[in-house]
Structure formats: C-alpha cells, structure tokens
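Coordinate inspection notes
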Amino acid sequence: MNTSREKSKRNATSIDVARLAGVSQSTVSLVFGGKASGRVSPLTQKAVLRAAQELGYSPNTVARTLRLGHTNIVALIIPDVGNPFFASVLRGAEQAARKYNYTVVLVNTGNDQDWQRIVVEALATHSIEGFVLCSVSTSDTLELAKLKHRAVIVDRSSTELTSLILDIGRGSQLAMQHLLSLGHRKIAHLATNIDAETFEIRQQVYEATLHKAGISNRPDYTVQAAFIIDEARIAASALLKLPDPPTAIFCDDALLAIGVYKAAKDYGLAIPQDLSVIGFSEGFLAKAIDPELTAIAIPAAEIGARAIEMLVAGFQTNENPQTETVSLELVVRGSTAPPR
C-alpha cells in the first residue's frame, strides 16, 4: 500500500494537484509559473502548494524553461566572497528576487579578470537569465553585447549596461573633510591594491582634497594592501613607523581599518586619542570593532535589492541603459577625534 502511494506521488501531475486543491489546472500553472500575484488569492495559492506537497508534486523545470523561454535564475557576480560587504549585497538581492519569483546564485571571481570573463561568457550562453555584476571589471575582454538588457553593473559606470553607481567621490570628500575639520593635517591613505574604478576615485579625491586644503601630498603617506587584515596591519605599520607619522588614516574599507587598529595596538597607540581612523563600511564591521569605526556608510543590502529591481525592470524594456546613483553618508562614531 505504501509502495503504491509512493509511486502515485512520483507520478503526480498538475491535474492531480488541481483536483486535490479544488482548483483548475490553469490555476496550478499560474502558481508554479510565478504568475499568481494579483490573479490567484493567497489562500488559493496556499491550497495549491499544500496539495502539491501532499502529492509530492514538483513541476518539470526543463519543460517549463522551454515553454516560457527563461529560467528565473539570476547570477550575482562578485570579486571577493571573503568580504562581508558582498554577503550583505547577496542578502538584499535574494530578498528582492523572491518578490519576482527569481533565484539568485552567487559566483565568485576572486578578483581575476580572465576568470571573470570565462565565467560570465559561459553563463551568458546557458541558462542564466540575468546578471548583477558587483564591482567587477568591464574591460574589453568581457563581451558586453551578450549581456545587453540582461545585466546591471554595480559600483562601476558603463555605457553599455544599466548601472547602479555608488557616490564614492562624495563619500571620500565627506571622510576627508571630517578629518580636516577635526584639525588633522597629517592624513595618510591606506588603499587597496585592487585595480578598480571605485578605488581610483578614492585616491583621486584624497589627493585633491589635500591640495585644496593647501596640504602637500606625501607619497610615503599612501600605502596599499589586499583586503586581508594581516596585510593591512603590515601596511599600516609602515605608516606608523615613519619619522613623521600621520595623525589620521583614511582607509578604503573597514577590513583595512581593522588592520590599522591592530598596527596601532602594536605601537602602543590609542584610537582616537593618538590616531584617528576612518573608512568605508556597510555597517556590520564598523560596529564590531572597538571603538566603533567612523565610516562612510554603504547600504549593501539595499544596493543588492535595488540592483535586482533594476534588472527585472530591464527585462521588460528595450530602452537604452539607465544609470542610478546611490548617495552615501558619513556616520561619526568613536574612531575619530582632534589630534593631540
């Protein structure tokens, strides 16, 4: 008897689900086709899903893909899976994708542009419907024509793709102006060694703000490190052991700022009494260290959600790529103070 029941479950069809739920087969198709919103009541949707679960029914995904012409799968392409920032972007993207009946898959390129090209082109020719390219390169090696109306690029400008740009320039200005307003004149820059537009802007604004304030740019006040805390610690140590060390350090990211905290401790320096530290952060890391980091807040989850919304909207139109800018704000916490 149990064997017969299990067999019937394996062979269950949408017609069986419709009968058990007391609805039409077309209603079942709407529910499992992601088209029930506004057409099938929530109560009826639950009845269909309960019936499907009881019968062990699952729709034929391959057949549905051939019929509808899409898979409802979106790829979030990121450069560094180890950076907590992208975990928050993914969370926001997934929450927004559910509203549109899409599934998000995460693809890590490891900051390797050649691998990025291979991965994106391979996915673009198969079953991935859309892409969110987060802080990745759009060099000539990436065939953007394959992604037209199928991709949104985040934190990088593009004439070929819809773009969600972070106002890194304004954020960098706010950070530098905050340090200057506190009275700092010996400000160093702990930059990342990643070749990307967003980090080039940070360096440009750093130098331009010092110049505007009448402060000479010192080459020895700029050092680079990967987004690895121990490497950031070594780079920060190089600044702190200078004959004329900085009184404040502007960091490209909260991970780099943590390296500064560790280096300061190595040299017996207190933050912010002896050294002010400021950086960019999506919030979690900034609040996890002591004292909490003064930072330019980047709303990572909101960015992930908005990217999905723009992507889905792009599926429905043939208009030229759109550009939207996310403004960033300074959040003052405990890591900055006037110099001694």
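These notes cover the structure that comes with them.

What counts, and at which threshold
Residues numbered from 1 in each chain as written. Predicted model: local features only at pLDDT ≥ 70, side-chain atom pairs only at ≥ 80, totals over all residues. Heavy atoms only, no water. Helix = DSSP H or I, 4+ residues; strand = E, 2+ residues; numbered from the N terminus. Buried < 20%, exposed > 50% of the residue type's maximum accessible area, 1.4 Å probe, protein only. Lys, Arg positive; Asp, Glu negative; His and termini not counted. Salt bridge = Lys/Arg side-chain N within 4 Å of Asp/Glu carboxyl O. Polar contact = N/O pair within 3.5 Å; in protein donor to acceptor, adjacent residues only side chain to side chain. Contact = heavy atoms within 4.5 Å. 1 Å grid on protein atoms, 1.4 Å probe; cavity = no way out; pocket = protein on both sides within 12 Å on 5 of 7 lines; lining within 4 Å. Points joined across faces, edges and corners; volume = space filled by probe spheres on them. Nonpolar A, V, L, I, M, F, W, Y, C, P; charged D, E, K, R; others polar. Pairing = 2+ DSSP bridges. Core = buried A, V, L, I, M, F, W, Y, C linked by side-chain atoms within 4.5 Å.

1. Some points on the side chain of Asp155
Mapped onto the secondary structure, Asp155 falls in the loop between strand S4 (151-154) and strand S5 (162-166). As a buried residue without a salt bridge, Asp155 has its nearest oppositely charged side chain in Arg202, at a separation of 5.2 Å. Engagement of the side chain of Asp155 in a polar contact is seen with the side chain of Thr198, the distance being 3.3 Å. Residues in contact with Asp155, not counting those within four places in the same chain, are Ser135, Leu164, Ile165, Leu166, Ile168 and Thr198.

2. A few points about empty space enclosed by the protein
Overall, the coordinates contain one cavity of 30 Å³ or more when judged by the stated rule. In this structure, the largest cavity occupies an estimated 280 Å³ of space. Looking at the largest cavity, it is lined by 26 residues, and the ones nearest its centre are Asn83, Phe85, Phe86, Phe199 and Asp253. At the level of secondary structure, the elements contributing two or more residues to the lining of the largest cavity comprise helix H6 (84-99), helix H9 (197-212), strand S9 (276-281) and helix H12 (284-288). Tallied by class, residues from the lining of the largest cavity come to 14 nonpolar, six polar and six charged.

3. Concerning the pairing of S5
Of all five residues in S5, four are buried; the element is thus mostly enclosed. With three bridges connecting them, S4 and S5 associate as parallel partners. Within S5, the residue paired with Ile153 across the bridge is Ser163.

4. Observations regarding the nonpolar core
Core analysis: the largest hydrophobic core is formed by 77 residues, its most contacted members being Leu190, Ile249, Val277, Leu293 and Ile308. Leaving out residues up to four positions away in the same chain, Ile249 has contacts with Ala188, Leu190, Leu239, Leu240, Val260, Leu275, Ser276, Val277 and Ile278.

5. Some remarks on the pairing of strand S1 (residues 73-78)
Look at any regular strand and the pattern is simple: side chains alternate between the two faces of the sheet. With five of six residues buried, S1 is to be regarded as a mostly interior element. Note: S1 against strand S2 (residues 103-108), six bridges, orientation parallel. Within S2, the residue paired with Ile78 across the bridge is Asn108. Two strands pair when backbone bridges link them, and S1 and strand S3 (residues 130-134) are joined in this way by four bridges, in the parallel orientation. Pairing of Ile77 across the sheet is with Leu133, part of S3.

6. A short note on the pattern of salt bridges
Evaluated as defined, the whole model comprises ten salt bridges. Between Asp244 and Arg218 there is a salt bridge whose closest N-O contact spans 3.0 Å. Separated by 26 residues along the polypeptide, Asp244 in the loop between helix H10 (229-240) and strand S8 (248-251) and Arg218 in the loop between H9 and strand S7 (222-225) bring together distant segments of the chain. The class of Asp244 is partly exposed, set by a relative accessible area of 30%. By relative accessible area, which is 25% here, Arg218 ends up partly exposed. Its salt-bridge partner being Arg306, residue Glu309 comes within 3.1 Å of it at the nearest N-O pair.

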